[in-house]
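Structural overview
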Amino acid sequence: MKNRPPFRLLALAGLGALLAAPAFAQDTSHFYGGVGAGIARSANETARTTGVLLPGVDTLSSSSDRNDNAFKVFGGYQINRNIALETGLYSLGKSRFTTTTSPAGSFSSATKVRGLNFDVVGTLPFTERFAGLARVGAHHAWSKEDYSGTGANAGIAASTKHNNTNFKVGVGLQYELSPAMWIRGEVERYRVKDSTGRRNNIDMTSVSLVFPFGRAAPRVVAAAPAPVYVAPAPAPAPVMIAPAPAPVAIAPAAPQRVSFSADTLFGFDKDTVRPEGMAALDTFSNQLQGTSYQSITVEGHTDRMGSTEYNQALSNDRASTVKDYLVTRGKLDPSKINAVGKGEGSPVTQAGDCPDKQSRASLIACLQPDRRVEVEVNATR
């Protein structure tokens with residue numbers, strides 16, 4: 001079988017397209033290993049081989065078995081999303097043929113090929129998990145031919161061995177079954193020199209499992225949500241916290257402050273966290289997961305109703321309760337969280353906004369913004 005230039009040109013063109021494609025991610029450098037199995041088909045020419053090995057002998061008829069099981073084991077380094085270097089061991093099985101000759105006799109051959117390869121592998125992602133592959137490289141093949149003959153061919157040498165280095169190309173597809181395992185389907189062409197000195201092709205069609213290791217997960221950084229303050233309302237209202245699909249990333253130069261309504265967290269004049277407050281604190285602690293922060297300050301604030309001493313104690317208790325919840329349920333580092341009570345000394349409402357002459361219920365509602373817990377986060381990124 002003659003060499004097919006279109007296969008080589010297609011593989012080289014595919015690799016060129018992959019090398020020219022932009023990298024979709026840069027944090028993907030890692031090593032990997034894998035195993036593959038499939039079918040190898042040889043392109044040996046029985047009549048020519050018989051004629052070269054047995055000068056003066058004509059081939060009358062022939063039969064051949066050019067297909068055999070093939071396998072490979074390999075390892076590589078993924079430089080980035082588009083380029084990898086790969087080396088491995090392969091076995092292309094055996095190809096066999098038998099001829100009847102003139103002068104009368106028969107001639108049989110079995111050729112086994114195995115070797116080492118080194119390839120540059122290009123990857124073109126179609127989706128997050130599905131990609132095209134193209135490869136080009138060199139391989140060193142060890143070949144062994146076993147011969148037998150009858151009649152006029154009985155004196156043929158029993159076997160020969162030789163090795164040579166040549167090029168190889170391939171194309172295929174890859175799918176990421178999971179972050180720890182990929183599957184590949186490929187067609188590769190190995191250029192091999194046979195016992196007559198002629199270079200022929202052996203095509204291998206295979207399915208491989210690939211196992212990456214030391215692979216870095218891509219970083220996802222989202223903007224920090226702006227602080228949320230609860231406007232005065234006639235009745236207690238839950239704090240609305242802007243949802244964030246990714247970890248909070250906080251600029252080091254601008255500490256971020258989030259305000260929670262104390263009535264939502266605890267209820268009026270209480271320091272036990274309510275279910276609504278648990279949900280708000282859970283959302284907040286989830287946003288901090290994956291964020292590197294230097295410190296977190298939890299401040300408790302009360303309104304002016306009641307004595308100064310009572311309000312100070314209540315603000316201390318509320319700040320400590322929030323800190324304990326963030327540590328216990330939010331899994332935050334307790335050494336980086338400080339709880340402090342501010343009492344009634346830092347109101348949100350302005351003087352004259354809520355006169356004491358109105359009814360108690362109206363006054364409680366008017367002073368609601370003053371009853372709060374503020375959390376300040378000092379982050380490094």
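Conventions and cut-offs
- Residues numbered from 1 in each chain as written.
- Predicted model: local features only at pLDDT ≥ 70, side-chain atom pairs only at ≥ 80, totals over all residues.
- Heavy atoms only, no water.
- Helix = DSSP H or I, 4+ residues; strand = E, 2+ residues; numbered from the N terminus.
- Contact = heavy atoms within 4.5 Å.
- Areas by Shrake-Rupley, 256 points an atom, 1.4 Å probe, with all protein chains shown as cover.
- Pairing = 2+ DSSP bridges.
- Axes fitted to C-alpha atoms, helices over the stretch in contact; angles between N-to-C directions.
- Salt bridge = Lys/Arg side-chain N within 4 Å of Asp/Glu carboxyl O.
- Buried < 20%, exposed > 50% of the residue type's maximum accessible area, 1.4 Å probe, protein only.
- Expected span 1.5 Å × (residues − 1).
- Arc of directions from axis to C-beta.
- Core = buried A, V, L, I, M, F, W, Y, C linked by side-chain atoms within 4.5 Å.
- pLDDT = per-residue confidence, 0-100.
- Phe/Tyr/Trp six-rings, centres within 6.5 Å; stacked < 30°, edge-to-face > 60°.
- Patch = residues over 30% accessible without salt bridge, like charges linked within 9 Å, V, L, I, M, F, W, Y side chains within 5 Å.

**Observations concerning the overall build of the protein**
- When helices and strands are tallied, the protein shows six helices and 15 strands.
- In the protein, once contacts between residues fewer than 6 apart in sequence are set aside, the share between residues at least 24 apart is 73%.
- Split by element, the accessible area of the protein, about 18500 Å² in all, is 59% carbon and sulfur.

**Topic: the sheet that holds strand 13 (residues 293-301)**
- One open sheet accounts for four strands, arranged 12-15-13-14; its pairing is mixed. Looking at strand neighbours, the two that pair on one side only are strand 12 (256-261) and strand 14 (337-343), the edges of this open sheet. Put simply, the sheet's adjacent strands are angled 20 degrees from each other on average, direction ignored.
- Pairing of strand 13 with strand 15 (residues 372-379) involves eight bridges; the strand directions are antiparallel.

**Topic: the pattern of salt bridges**
- For the structure on display, the rule yields 19 salt bridges.
- The partner of Lys72 in a salt bridge is Glu188, with the nearest N and O atoms 2.6 Å apart. On the criterion of sequence distance, the pair formed by Lys72 in strand 3 (residues 67-78) and Glu188 in strand 8 (residues 181-193) is long-range, its members being 116 residues apart.
- Take Glu188: its relative accessible area is 2%, and that puts it in the buried class.
- Each of Lys72, Glu86, Asp119, Arg135, Lys168, Arg184, Glu186 and Glu188 takes part in one network of salt bridges that share partners.

**What to know about helix 5 (residues 308-328)**
- Taking 1.5 Å of rise per residue, 21 residues should cover 30 Å, and helix 5 covers 30 Å from first to last C-alpha, within 8% of that figure.
- Here helix 5 has its buried residues at Asn311, Leu314, Ser315, Arg318, Ala319, Val322, Tyr325 and Leu326. Here the buried residues of helix 5 occupy an arc of 130 degrees about the axis, which is enough to place them on one side. Pointing more than 90 degrees away from the buried face of helix 5 are the exposed residues Glu309 and Thr328.
- Those residues of helix 5 hidden inside the fold are in contact with helix 3 (262-265), helix 4 (275-288), strand 13, strand 14 and strand 15.

**Considering the nonpolar core**
- By size, the foremost hydrophobic cluster in this structure holds 23 residues, and its most contacted members are Phe260, Leu281, Phe284, Ile296, Val298, Val322 and Leu326.
- If you list the elements that add at least two residues to this core, you get strand 12, helix 3, helix 4, strand 13, helix 5 and strand 15.
- Grouped together as the second largest cluster of nonpolar side chains are ten residues, Ala40, Ala70, Leu92 and Ile202 included.

**Topic: the side chain of Ser109**
- Secondary-structure assignment places Ser109 in strand 5 (residues 105-125).
- Apart from residues lying up to four places away in sequence, Ser109 is in contact with Ser95, Arg96, Phe97, Asp146 and Tyr147.

**With respect to the confidence of the model for the protein**
- Per-residue confidence for the protein gives a mean pLDDT of 81, with 81% of residues at or over 70.
- Contacts for the low-pLDDT stretch residues 1-7, under 50 throughout, to residues beyond four places or in other chains number 19 contacts.
- Confidence drops under a pLDDT of 50 for residues 217-226, and excluding neighbours within four residues, the segment shows 17 contacts in the predicted structure.

**What about the packing of aromatic side chains?**
- With the rule as written, the count across this model stands at eight aromatic pairs.
- Centre to centre, the rings of Phe97 and Phe107 are 5.9 Å apart; their planes meet at 65 degrees, and the pair counts as edge-to-face. Here Phe107 lies in strand 5 and Phe97 lies in strand 4 (residues 83-102), a separation of ten residues in the sequence. Across the pair, exposure class does not vary: Phe97 and Phe107 are buried alike.
- Among the aromatic residues, those joined into a cluster by ring pairs are Phe31, Tyr77 and Phe213.

**Remarks on a nonpolar patch on the surface**
- A cluster of nonpolar side chains, Val35, Val73, Leu89, Leu116, Phe126, Phe130, Trp142, Leu173, Tyr175, Leu177, Leu209 and Phe211, forms an exposed patch at the surface whose accessible area comes to about 990 Å².
- Taken together, the elements giving at least two residues each to the nonpolar patch come down to strand 6 (130-151), strand 7 (159-178) and strand 9 (199-213).
- The dominant element in the nonpolar patch, judged by the number of residues it contributes, is strand 7, at three residues.
- Tracing the backbone shows Leu116 in strand 5.
- Of the residues examined, Leu116 reaches a relative accessible area of 37% and is grouped as partly exposed.

**A closer look at helix 4**
- Taking 1.5 Å of rise per residue, the 14 residues of helix 4 would be expected to cover 20 Å, and the 20 Å separating its terminal C-alpha atoms lies within 8% of that figure.
- Turning to helix 4, its buried residues are Gly277, Ala280, Leu281, Phe284, Ser285, Gln287 and Leu288. Mapping the buried residues of helix 4 onto a view down its axis gives an arc of 155 degrees, with all of them on the same face. Set apart from the buried face of helix 4 by more than 90 degrees, the exposed residues are Pro275 and Asn286.
- At the C-terminal side of helix 4, Gly290 shows a positive phi close to 85 degrees.

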